Every structure is written in C-alpha cells, then in structure tokens.
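Descriptive structure summary
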Amino acid sequence: MKNQFDTILLGHGSGGKLSHDLISELFAKHFDNDILRQQSDSAIIENPGNQLAFTTDSFVVDPIFFPGGDIGKLAIAGTVNDLAVSGAIPEYLSVGFIIEEGFGFKDLERIVITMADEAKKAGVKIVTGDTKVVDRGKCDKVFINSSGIGILDKKDTHIISGSRIKVGDQIIINGSIGDHGMAVMAARNELNITADISSDCACLHKMIGSAMEASSQIKFMRDATRGGLGTVIAELAKGKDFGIHIHEDQLIVNDGVRGICELLGFDPIYVANEGKVVMVVAAEDAQHVMKALKKHETGKNAAIIGEITGDHKGKAWLETQVGGKRIIEMLSGQQLPRIC
Amino acid sequence: MKYIDEYRDKEIVLMLAEEIKKASTKPIRLMEVCGGHTMSIQKYGIPYLLPKTVELISGPGCPVCVTSRSYIDRAVAYSRLEDVIITTYGDLIRVPGSTSSLDKEKAKGADIRIVYSILDALMIAKENRHKKIVFLGIGFETTAPSSAAGIIKAQMAGISNFYVYSAHKVMPPAMETLIDEGVLIDGYIGPGHVSTITGDGIYMNIPEKFGLGVVISGFEPVDLMQSILMLVKQFENNDPKVEIEYTRAVKPEGNIKAQEMLDEVFEYRDDWWRGLGVLKNSGLKIREKYAMYDAEEQIEVEVEELKEPKGCICGDILRGVNKPKDCKLFGTVCTPSNPVGSCMVSSEGSCAAYYLYNR
C-alpha cells in the first residue's frame with residue numbers, strides 16, 4: 001500500500017482518519033469480499049438453517065515470523081481448524097489486531113497479505129475486524145484474535161463429544177508431530193541453533209472434508225495444538241468408559257524436531273502442532289479414511305497410531321518404542337512459552 | 001538418528017529383559033542416582049520390562065531437588081535488589097522458597113533471565129556494566145566445571161560485575177550417606193554425566209567399604225537395561241565392583257581438564273542436602289582467590305526466615321525411603337503447575353517424572 005508511515009502510530013488506533021486509512025488501504029483491500037465491503041459494525045450473514053459452530057482464539061506467538069508461517073497464517077489456520085475438527089464447514093472469520101506503537105508497516109502488511117491468501121485458499125471470508133494500537137511496550141509487536149463461524153450438519157454433531165466411540169476404534173493422525181513447537185523454538189535466537197524445521201501450520205478443513213466424505217464413521221476429531229498429541233489423547237481418555245493404547249513406534253517425528261527435543265529434554269508427544277488432527281475412526285473404515293487423508297499434502301504421512309481398548313479405562317497408555325509401557329498424562333505447566 | 005537409535009533398539013532391549021529375567025533369582029533394589037535416569041526409566045516404561053525381583057528406586061541426583069529452601073530464599077532476596085540481574089537455568093525459577101519463588105519475583109518485575117549456559121550470563125554482564133549479574137550455579141560435577149570456566153573467563157576478560165552464587169554439590173558423599181543411614185539398596189545405577197567428568201575412581205569406596213556394586217550407566221534404554229543386567233549379575237555372584245557401561249562417554253580417569261578447572265576455582269565445604277541434611281565435604285565453595293566473583297562474599301542481603309512446607313516428604317523420596325505415590329500431597333495439592341516440594345519442579349525430579357509417566 002501507499003503509506004506515509006513506516007511504523008504504526010498510536011493514531012492508527014484512534015478511530016480517526018489514520019484508522020480509516022489503515023482499514024481501507026490495508027485490511028479491506030486485502031481481505032475484500034461482499035460482506036466486508038458493507039463496512040458496517042456487524043457482518044450480516046445468511047442463516048443457512050443448520051447448526052452453527054462458533055469458535056474464537058487469540059494469537060501471541062513470538063517470534064511473529066517463523067519457518068513455515070507467521071502469526072497471520074496461524075490465526076487463519078488455527079480458527080479454521082477449530083471449526084473443521086468440530087465437523088463444521090468453516091465459512092466466516094473475524095480478525096482483531098492489537099498492534100504495538102512503532103510496529104513496522106511492512107511487517108503488518110506482510111501478515112495481512114498472508115492472512116488474505118490463506119483465507120482465499122481456504123475458501124473462508126473475513127467478514128469483520130477491529131484494530132487497536134497500544135503504547136510501545138504494552139504488547140509485543142502484534143497480537144491477533146480471530147473468531148470463526150462454520151456450518152455443522154446435524155448428523156455430525158456427535159463428533160465434538162466423541163459420544164459414539166467404541167472399543168476397537170482406530171486412532172489416526174495426519175502426519176509427523178512436534179514440528180510447529182520446535183520450529184518456533186528454533187526461530188528464537190536464544191539457542192543459537194540452526195535447524196531444518198518448518199512449522200506444520202496449515203488449514204486442514206479440505207482434508208477433513210475428504211475424510212468425512214469417505215466415511216460416516218469418524219467419531220471424534222481434535223487438533224493437537226498446545227500440549228501436543230499427548231494432551232489430546234489424555235483428555236480424550238479421562239473419565240471415559242474406555243482406555244486408549246498408542247504405539248510409539250507408529251509416531252513420526254522428523255529428525256530436526258527429534259534433535260532439538262533430545263537437546264532440551266522435551267517429549268515430542270507434548271510439543272505443539274498447528275496442522276495435525278487426531279481422529280477416532282471405526283476399525284472397518286480406518287483404511288478408507290487413511291486413503292482420503294493421503295490424497296492431500298497435509299495428510300500424505302497419515303498413520304494409524306493406536307486404538308480404543310476395553311482395559312485401562314479412563315487412561316491412555318503408550319507402548320514405548322522399546323516395548324515398555326507408560327501412562328500418557330496431560331501436560332501441566334508449559335514446555336514452551338508463546339508458541340501460538 | 002545416529003548414535004541414538006542403536007540404543008533404543010526394541011529387539012536388544014527385549015533380549016536384555018529376557019537375560020535379566022534369567023539372571024535374577026533373588027529380590028534386588030537398585031537406586032538410580034541421577035534424575036536423568038529417573039526420567040528415562042519412566043519415559044521408556046522400563047519398570048514394565050523388568051521381572052518382579054528387580055525394583056528400581058530414585059535417588060538424590062536431581063540438583064534442583066536437593067537444593068535447600070534457604071538457597072532459593074537468598075536468590076529471591078538478591079532478585080529484589082535494584083541493581084541485580086539474576087541469571088539462571090530454567091528449572092530453578094519455579095522452585096518454591098519459604099514464601100516466594102523466582103518466577104513470582106519475576107512477575108513482580110524483578111530482572112530474572114533464563115540462560116542455557118553460563119556464557120550467556122557473561123554476555124549479559126558485558127552488556128550491563130552498571131548492574132550486578134548473579135548466576136545461580138547449581139548442579140553436580142557435571143555443571144560445576146562450566147561455572148568454574150565462567151569465573152576464569154570473567155577474570156580473563158576483566159568482567160567485574162559478574163558473580164556466581166554456588167550451590168554446586170558433589171555426588172559421592174550422598175551415595176555413601178544413604179547406605180550409612182540404612183536405606184535398603186543392593187546396588188547403584190551410577191550417574192553417567194557426572195562420571196564423564198570425574199571418572200570411576202570416586203565410587204571405589206562403595207564396593208570396598210559397603211559391599212555394593214556401582215554400574216555407571218548411559219541414559220538410553222539399552223544402556224539402562226544393560227546396566228541393570230550387570231548389577232543383577234554382580235549381586236547374584238556376590239561380586240560388587242565399579243563397572244562402566246557408558247564406555248562411549250566415560251573414561252576411567254574422567255575429564256582431567258575439567259577436574260583441574262574445578263580444583264582451580266572451587267574447594268570442598270560441608271553442605272546441606274534436602275532429605276539428607278548436612279553432608280561433610282559435599283558442597284563446592286568458590287576459593288578465596290576468586291572471592292570477587294562469589295555472590296555470597298560480595299553481595300550483602302537480608303534473607304527471610306526459613307519455613308518448610310507441611311506434609312511434603314521430598315526428603316524421604318530423595319533418600320529412596322518412600323516413593324512419590326506415598327506422599328499425601330502427590331497429585332492433589334502438589335502438581336507440576338503448583339509444586340509444593342522441589343521434586344515436583346524439575347523435569348528430572350522423581351515426583352515430576354512419576355506424575356507425568358506413571359500416575
């Protein structure tokens with residue numbers, strides 16, 4: 001955009017001329033669509049007469065640019081995925097920016113363009129938004145909040161609760177674990193590590209859509225973000241009338257991720273992902289779902305990693321790569337600060 | 001990944017499990033001294049692979065866990081001084097002191113920075129000449145040489161605003177005290193990293209004086225299974241001795257250069273261990289000639305009165321008398337997000353390891 005400023009000023013959040021220019025020349029320009037174009041206080045959207053899924057998420061990752069993505073891509077993918085794993089088709093997003101005074105215009109523009117591209121590729125519309133600028137030091141560069149609405153078919157409302165899970169169901173994940181968390185960790189210069197790791201940050205709804213077309217027996221989905229695969233599995237088992245058995249030798253951990261995990265003492269099953277979904281699928285449909293996932297770039301390394309069992313009720317067990325066994329607990333505390 | 005995958009080979013691990021089963025006829029209690037071993041044993045689910053005759057108990061080898069509350073209290077007091085920047089390894093900042101902790105002080109605005117090496121702390125000292133940089137020197141023979149190197153480097157570079165607050169400790173006195181106190185152990189899985197520095201000589205007293213075997217072990221599952229097998233065989237044949245399983249890293253004479261550096265900067269002093277009390281010649285104090293880098297000598301501060309938490313049995317757990325599950329606070333009041341005792345804080349602490357992997 002043509003702008004007279006290299007950096008964001010407090011005035012860009014004042015609601016006056018500068019705000020107006022920022023919105024029309026940056027946000028509205030890149031996010032453009034029929035609903036946003038109305039520039040009203042609320043976006044008015046058609047009610048399709050189905051159930052709606054509604055989600056919100058805030059993004060404060062540090063650093064804001066990292067191999068494989070940036071805070072903007074994360075915001076779009078994170079919100080889209082939260083809808084998709086609920087079984088919904090993502091349709092509309094809101095984006096709210098909190099920007100630190102003095103933040104570079106070029107960086108903001110770069111983030112906005114990524115978001116616009118990602119939304120376009122995903123086929124979702126950014127229909128409303130907001131910008132605030134805060135004093136230097138009151139936030140770290142830029143924080144983004146994003147909410148999303150998706151349309152949920154009544155036959156899929158059970159997915160979110162996992163109420164139809166049965167003993168014998170298979171557990172599938174669409175690829176390697178730990179990439180996002182370690183990519184962000186390596187991108188911070190604190191460690192002086194150069195590692196060939198890229199975040200897996202990606203919208204998964206198209207891949208999930210294919211899987212749902214291939215099988216009506218997908219009984220549960222959850223994106224394995226903060227807390228990693230381990231936390232999703234532990235949460236799923238907790239208080240339930242079934243147990244979960246995971247095979248460590250079926251998990252894919254890329255070499256760079258493994259290297260940093262070894263170095264820092266992290267367990268990859270607790271490291272964050274931003275493009276991984278854990279699915280519980282009826283055994284007879286597992287191969288259909290695998291086939292559907294593998295057709296997509298985001299699912300080409302999909303693997304069956306475990307199953308629902310009748311023993312160890314309420315608990316998740318990991319058969320370790322050396323044949324030992326241990327419990328998978330939820331991650332408590334943090335392995336890493338501000339990864340999303 | 002080369003040099004790692006070989007030591008996580010399922011077939012070898014299962015073969016060793018079979019051999020241990022065959023060799024072990026009478027009950028044996030082995031203590032893994034090192035917190036890194038505890039973590040590895042739990043992470044790979046090793047106990048599940050052992051026959052009923054072999055019991056593993058965790059020892060006092062997690063540096064954060066054996067550190068006294070009064071050490072934390074003094075570090076907290078330093079952090080409250082206007083002109084001080086605290087630099088520390090990450091583990092320490094959540095350890096509770098009597099009424100506060102370093103992360104609570106950080107939230108209140110104290111300048112506390114997590115570093116991955118003492119060299120980062122030296123860099124901070126260079127960049128902040130008008131401040132006093134206090135490095136919290138914690139750990140056994142493994143990390144103490146790097147503190148020594150940091151002090152020598154500070155002297156060479158003429159950095160005068162850098163101080164080490166030493167809680168460094170040495171391992172053998174604790175291993176001997178445990179046996180002396182009557183803790184039931186039939187052998188030690190000896191610390192791997194400590195021994196890379198010290199060599200195997202420091203453990204000779206244990207078979208000679210106490211009749212117990214020590215096998216210095218690596219940290220991978222094959223290492224641990226192999227070490228357990230070696231200890232079981234020693235025990236069954238009544239032939240206690242010091243052996244090195246971790247031969248790819250540990251030489252009998254150790255790392256002579258690191259030993260010299262340690263000796264140059266530090267001298268022994270009696271030191272207090274959580275759970276064990278004061279042990280003779282078990283701590284490392286900075287020598288007189290480097291006193292200008294000794295925080296305890298150079299920075300005066302008022303430290304609050306020591307308060308110990310009620311019900312916490314970290315001491316008994318560190319002595320191997322009790323297991324984490326025996327503690328009433330374990331998993332209820334005391335969790336990794338709200339640790340009461342230090343064993344729940346460090347990822348190497350036995351309570352944290354049990355909480356994560358074996359609850």
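Residues numbered from 1 in each chain as written. Chains lettered and ligands numbered in written order. Predicted model: local features only at pLDDT ≥ 70, side-chain atom pairs only at ≥ 80, totals over all residues. Heavy atoms only, no water.

**Describing the overall build of chain A**
Broken down by element type, chain A carries eight helices and 13 strands. Against the 2.2 N^0.38 benchmark of 20 Å for 340 residues, chain A shows a C-alpha radius of gyration of 21 Å, consistent with a compact globule. Each of the three principal axes of chain A carries a C-alpha extent, and together these read 65 × 55 × 35 Å. Within chain A, the proportion of its 340 residues that are buried is 54%. With an accessible surface of roughly 14600 Å², chain A has 49% of that area assigned to carbon and sulfur atoms. Computing the positive centroid from 36 side-chain charges and the negative centroid from 45, chain A places the two 2 Å apart. (Helix = DSSP H or I, 4+ residues; strand = E, 2+ residues; numbered from the N terminus. Rg over C-alpha atoms; globule rule 2.2 N^0.38 Å. Buried < 20%, exposed > 50% of the residue type's maximum accessible area, 1.4 Å probe, protein only. Areas by Shrake-Rupley, 256 points an atom, 1.4 Å probe, with all protein chains shown as cover. Lys, Arg positive; Asp, Glu negative; His and termini not counted. Charge placed at Lys NZ, Arg CZ, Asp CG, Glu CD.)

**Quick look at the environment of M261 of chain B**
Tracing the chain through its elements places M261 of chain B in helix 12 (residues 256–265). The spatial distance from the C-alpha of M261 of chain B to the C-alpha of I152 of chain B is 8.6 Å, given a sequence separation of 109 residues.

**Considering the pairing of strand 8 (residues 218–223) of chain A**
Residues and elements named next belong to chain A. Taking burial as the measure, the six residues of strand 8 include five buried ones, the bulk of the element. By the bridge criterion, five bridges tie strand 8 to strand 10 (residues 277–281) in an arrangement that is antiparallel. Bridge pairing in strand 10 links D223 to V277. (Pairing = 2+ DSSP bridges.)

**Here's the deal with the sheet that holds strand 7 (residues 170–173) of chain A**
All names here are of chain A. The seven strands are arranged 8-10-7-11-9-12-13 in an open sheet whose pairing can be described as mixed. At either margin of the open sheet sits one strand with a lone partner, and together these are strand 8 and strand 13 (325–327). Here the strands of the sheet are splayed against their neighbours by 25° on average, with no regard to which way each runs. Across four bridges, strand 7 lies against strand 11 (residues 303–309) in antiparallel orientation. Each bridged residue has a counterpart across the sheet, and for I171 the counterpart in strand 11 is G306. (Axes fitted to C-alpha atoms, helices over the stretch in contact; angles between N-to-C directions.)

**Quick word on the interface of chain A and chain B**
Across the contact, 26 residues belong to chain A and 22 residues belong to chain B. Of the roughly 2200 Å² buried where chain A meets chain B, counting both sides, 52% is carbon and sulfur surface. Broken down residue by residue, the surface that chain A buries against chain B is led by Q321, V322 and E329 of chain A, which jointly contribute 27%. Applying the counting rule to chain A against chain B returns three salt bridges. Where K10 of chain B meets E319 of chain A, a salt bridge forms, and the shortest distance between an N and an O atom there is 3.5 Å. (Contact = heavy atoms within 4.5 Å. Buried area = accessible area lost by both parts, 1.4 Å probe. Salt bridge = Lys/Arg side-chain N within 4 Å of Asp/Glu carboxyl O.)

**Observations regarding the state of the cysteines**
Residue and element names in this part refer to chain B. Applying the stated criterion across every chain yields a total of one disulfide over all chains. Each disulfide pairs two cysteine sulfurs, and for C62 the partner residue is C65, the sulfurs being separated by 2.4 Å. Between C62 and C65, the S-S torsion sits near 70°, and that sign places the bridge as right-handed. Like C62, the residue C65 is buried in the burial classification. This cysteine, C314, is not joined by any disulfide, and C343 carries the nearest cysteine sulfur, 3.2 Å off. Assessed through its relative accessible area of 3%, C314 is described here as buried. (Disulfide = S-S within 2.5 Å.)

**Digging into the pattern of salt bridges**
Under the criterion given, the structure shown has 31 salt bridges over all chains. Across the pair R29 of chain B and E55 of chain B runs a salt bridge whose closest N-O atoms are separated by 3.4 Å. Linking R29 of chain B in strand 1 (residues 28–34) with E55 of chain B in strand 2 (residues 54–61), this pair joins segments that are 26 residues apart in sequence. On the basis of relative accessibility, which here comes to 29%, the residue E55 of chain B falls in the partly exposed class. With a closest N to O distance of 2.9 Å, R113 of chain B and D111 of chain B form a salt bridge. Given the relative accessible area of 26%, D111 of chain B is considered partly exposed. A single network of salt bridges, built from pairs that share partners, joins E262 of chain A together with R8 and E220 of chain B.

**Here we look at the pairing of strand 10 (residues 266–273) of chain B**
Residue and element names in this part refer to chain B. Pairing of strand 10 with strand 11 (residues 277–286), which is carried by seven bridges, proceeds in the antiparallel orientation. Along strand 11, the bridge assignment pairs W272 with V278. With antiparallel pairing between neighbouring strands as the criterion, strand 10 and strand 11 make up a hairpin whose turn holds three residues, including G275 at a positive phi of roughly 90°.

**As for the domain arrangement of chain B**
Residues and elements named next belong to chain B. What the domain assignment lists for chain B is domain 1 (1–311) and domain 2 (314–357). A separation of 17 Å is found between the C-alpha centroids of domain 1 and domain 2. The partner domain 2 presents 26 residues to the 34 residues of domain 1 that form the contact. Buried area between domain 1 and domain 2, summed over both chains or domains, comes out near 2300 Å², and the portion from carbon and sulfur atoms is 60%. If you sort the residues of domain 1 by the area they bury against domain 2, M39, Q42 and R94 come out on top, with a joint share of 25%. Applying the counting criterion to the domain 1 and domain 2 interface returns one salt bridge. E55 serves as the salt-bridge partner of K323, at 3.5 Å between the closest nitrogen and oxygen. Applying the counting criterion to the domain 1 and domain 2 interface returns two residue pairs in polar contact (both at pLDDT 80 or more). Every element with two or more residues in the side of domain 1 that touches domain 2 is listed here: strand 1, helix 2 (35–43), strand 2 and helix 3 (63–66). With seven residues, the top contributor of residues to the side of domain 1 that touches domain 2 is strand 2. (Domains from an automatic or database assignment. Polar contact = N/O pair within 3.5 Å; in protein donor to acceptor, adjacent residues only side chain to side chain.)

**Focus: helix 7 (residues 255–264) of chain A**
Residues and elements named next belong to chain A. Within the sequence span of helix 7, burial applies to V257, R258, I260 and C261. Buried-residue contacts for helix 7 involve helix 4 (179–187). Directly after helix 7, the chain includes G265, whose backbone phi takes a positive value near 75°.

**Considering the nonpolar core**
The nonpolar side chains of soluble globular proteins are, as a tendency, buried together. Grouped together as the largest cluster of nonpolar side chains are 93 residues, with contacts concentrated most on V134, L136, F162 and Y188 of chain B. When residues of this core are sorted by domain, at least three fall in each of domain 1 (1–311) and domain 2 (314–357) of chain B. Filtering out sequence-adjacent residues up to four positions away, L136 of chain B remains in contact with Y71, A75, I86, T87, T88, L92, L102 and Y165 of chain B. Among the nonpolar cores identified, the runner-up in size contains 41 residues, and L36, F66, V80 and V133 of chain A belong to it. (Core = buried A, V, L, I, M, F, W, Y, C linked by side-chain atoms within 4.5 Å.)

**Re unusual backbone geometry**
Cis peptide bonds are those with omega within 30 degrees of zero, and the linkage from D62 of chain A to P63 of chain A qualifies with 5°. Even without a glycine there, the phi angle at K141 of chain A is positive, about 65°. Within the fold, K141 of chain A resides in the loop between strand 5 (125–134) and strand 6 (142–152). A positive phi angle, near 55°, is found at N238 of chain B, a position not held by glycine.

**A few points about the sheet that holds strand 4 (residues 112–114) of chain B**
By way of backbone hydrogen bonds, the strands of a sheet pair with one another, either parallel or antiparallel. Residues and elements named next belong to chain B. Overall, parallel pairing links the four strands, which are arranged 4-3-5-6 in an open sheet. Strands with a single pairing partner mark the edges of an open sheet, and in this sheet they are strand 4 and strand 6 (162–166). On average, each strand axis in the sheet is tilted by 25° relative to the strand beside it, whichever way the strands run. Of the strand pairs in this sheet, strand 5 (residues 132–137) and strand 6 are connected by five bridges, and their pairing is parallel. In the sheet register, G137 faces strand 6, and the bridge partner there is S166.

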